[in-house]
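A closer look at the structure
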Amino acid sequence: PQWLVEFNKQHAPQFGKTLQWQPVHPLTSPAYDFAQKDNYAHCALGPLCCTKFTIKDPQLNGQESLLTVFDKTPHADSLVTKAAITCLAKNFSGKQDESCLMWISLSSLDLAGHVYGPHSIEAMDMVYQVDQRIQEVIEFVKKTYPHINPVFVLTADHGVMPIPEVLQDEGFPLPVRVDATALVKNLNAIALREFGVENIISVVKPPQLFFNKKLFKTLSKDKKRALTERLADELRLHPSIKQVWTRYELEKPAAGSDFYADVFCNQYFKGRSPHLTVLTAPYHMLTKHGKGTSHDTPYLYDVHVPLILWHAGELEKKVISEPVRVLQLPVTLAHFLNIQFPSADEKEILPGLTK
């Protein structure tokens, strides 16, 4: 749309521009009081909070992508927030016959979390920065549309596991980083040696392993199943792997025999889901990266996210302690907006919100 074209011309990050991450509080403040907060030995980047950095042109430096540092700083979320406010101003007048549903994705905390982990200065300050961005949006809506009574929702798609080596430095022996590349190399060697199939595993997106589709289709039905089950059995022998499910197991209607199996069954999509799905032991991280962290498990540190709703006069100053799922949010919003429920959602509305 034209408003976005104009916005990008005015606000897009410029090559060569130098920026600095300004923290919300002084770094000596109790707001950042956390063990190992400045342990950068196991991070994918060095200290970034308070640091100046330059936006680099990939044509001039092949080692740098356009926004490889920018997108992990508060500057990126500020840009997204400014775009969201501009979008509202250009498209929504707030008249009685109008309605507007806007999702704003503030992703810099996610990107910084991968690099620095949740216990870092960068991750902690990013939470305070996100709080300020939310305040900007709320204040704009209240000031620009004083006659409407908006519903505000805050949630997230996932949590994050602490960096295993940082936990080890704190004295916890359990956390382990598992080299996914070495793991796959061993599995492919078994497939070649025992089945005559070379490089059968083509894509690894922990906790998912995908076979080469074209190669796999050339195998007989029996050989497909035998190969799949052999590699699954090999994975189950690994000390960091708690369970493995094959595509054959997850596509069965009654495959969800326990909580974790049920989680993976719910996200299974025939023809698109992986051939092998891996559940590592708690605090064991299967990854292709030698530093940083990720969020690839159904454990609490990966799935516990905020869920806050606010609607003046109806949803405020109340805490619901019952366990819920984010999947209940779309149905709840549909209820309050008085629109048709999502066709594929089977969850009830969030508890404690209706009289």
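Quick notes on the rules
- Residues numbered from 1 in each chain as written.
- Predicted model: local features only at pLDDT ≥ 70, side-chain atom pairs only at ≥ 80, totals over all residues.
- Heavy atoms only, no water.
- Helix = DSSP H or I, 4+ residues; strand = E, 2+ residues; numbered from the N terminus.
- Expected span 1.5 Å × (residues − 1).
- Buried < 20%, exposed > 50% of the residue type's maximum accessible area, 1.4 Å probe, protein only.
- Contact = heavy atoms within 4.5 Å.
- Phe/Tyr/Trp six-rings, centres within 6.5 Å; stacked < 30°, edge-to-face > 60°.
- Axes fitted to C-alpha atoms, helices over the stretch in contact; angles between N-to-C directions.
- Parallel < 35°, antiparallel > 145°, perpendicular 65-115°, else oblique.
- Left-handed = near helix turned anticlockwise from the far one by under 90°.
- Pairing = 2+ DSSP bridges.
- Polar contact = N/O pair within 3.5 Å; in protein donor to acceptor, adjacent residues only side chain to side chain.
- Salt bridge = Lys/Arg side-chain N within 4 Å of Asp/Glu carboxyl O.

Focus on helix 4 (residues 121–144)
- Compared with an ideal rise of 1.5 Å per residue, which puts 24 residues at 34 Å, helix 4 spans 35 Å between its outermost C-alpha atoms and is within 8% of the ideal.
- Of all the residues in helix 4, the buried ones are Ile121, Glu122, Ala123, Met124, Asp125, Met126, Gln129, Val130, Arg133, Val137, Phe140 and Val141.
- Buried residues along helix 4 sit in contact with helix 2 (74–91), helix 3 (108–116) and strand 3 (151–155).

Points about the packing of aromatic side chains
- Inspection of the entire model under this criterion finds 11 aromatic pairs.
- Centroid distance Trp245 to Phe264: 5.1 Å. Interplanar angle 40°. Geometry classified as tilted. Pair noted here: Trp245 is in strand 7 (residues 241–246) and Phe264 is in helix 10 (residues 259–266), with a separation of 19 residues, a long-range link. Phe264 carries the same exposure label as Trp245, and that label is buried.

Concerning the packing of helix 3 against helix 4
- Packing of helix 3 against helix 4 leaves a shortest axis separation of 9 Å and a crossing angle of 165°. When the axis of helix 3 is compared with that of helix 4, the two are roughly antiparallel. You can see that helix 3 and helix 4 cross each other, and the crossing is left-handed. Seen from helix 3, the contacting residues are Ser108, Leu109, Ala112 and Tyr116; seen from helix 4, they are Glu122, Ala123, Met126 and Val127.

Side note on the sheet that holds strand 6 (residues 208–211)
- If you walk across this open sheet you meet the four strands as 5-6-8-7, and the pairing is antiparallel. Each having just a single partner strand, strand 5 (201–205) and strand 7 make up the two edges of the open sheet. Recorded for the sheet is a direction-independent mean angle of 20° between the axes of neighbouring strands.
- Two strands pair when backbone bridges link them, and strand 7 and strand 8 (residues 276–280) are joined in this way by five bridges, in the antiparallel orientation. Within strand 8, the residue paired with Thr246 across the bridge is Leu276.
- Helix 6 (residues 180–195) contacts strand 5, strand 6 and strand 7 of the sheet and is inclined by roughly 155° relative to strand 5.

Concerning the side chain of His311
- Secondary-structure assignment places His311 in strand 10 (residues 307–311).
- Residue class for His311 comes out buried when judged on its relative accessible area of 11%.
- A polar atom in the side chain of His311 sits 3.1 Å from the backbone oxygen of Asn149.

Here's the deal with the pattern of salt bridges
- In this structure the tally under the stated criterion is eight salt bridges.
- For Arg177, the salt bridge is made with Glu165, and the minimal N-O distance between the two is 2.7 Å. One end of the pair, Arg177, is in strand 4 (residues 176–179); the other, Glu165, is in helix 5 (residues 164–169), and 12 residues separate them in sequence.
- Glu165 sits in the buried class, given a relative accessible area of 15%.

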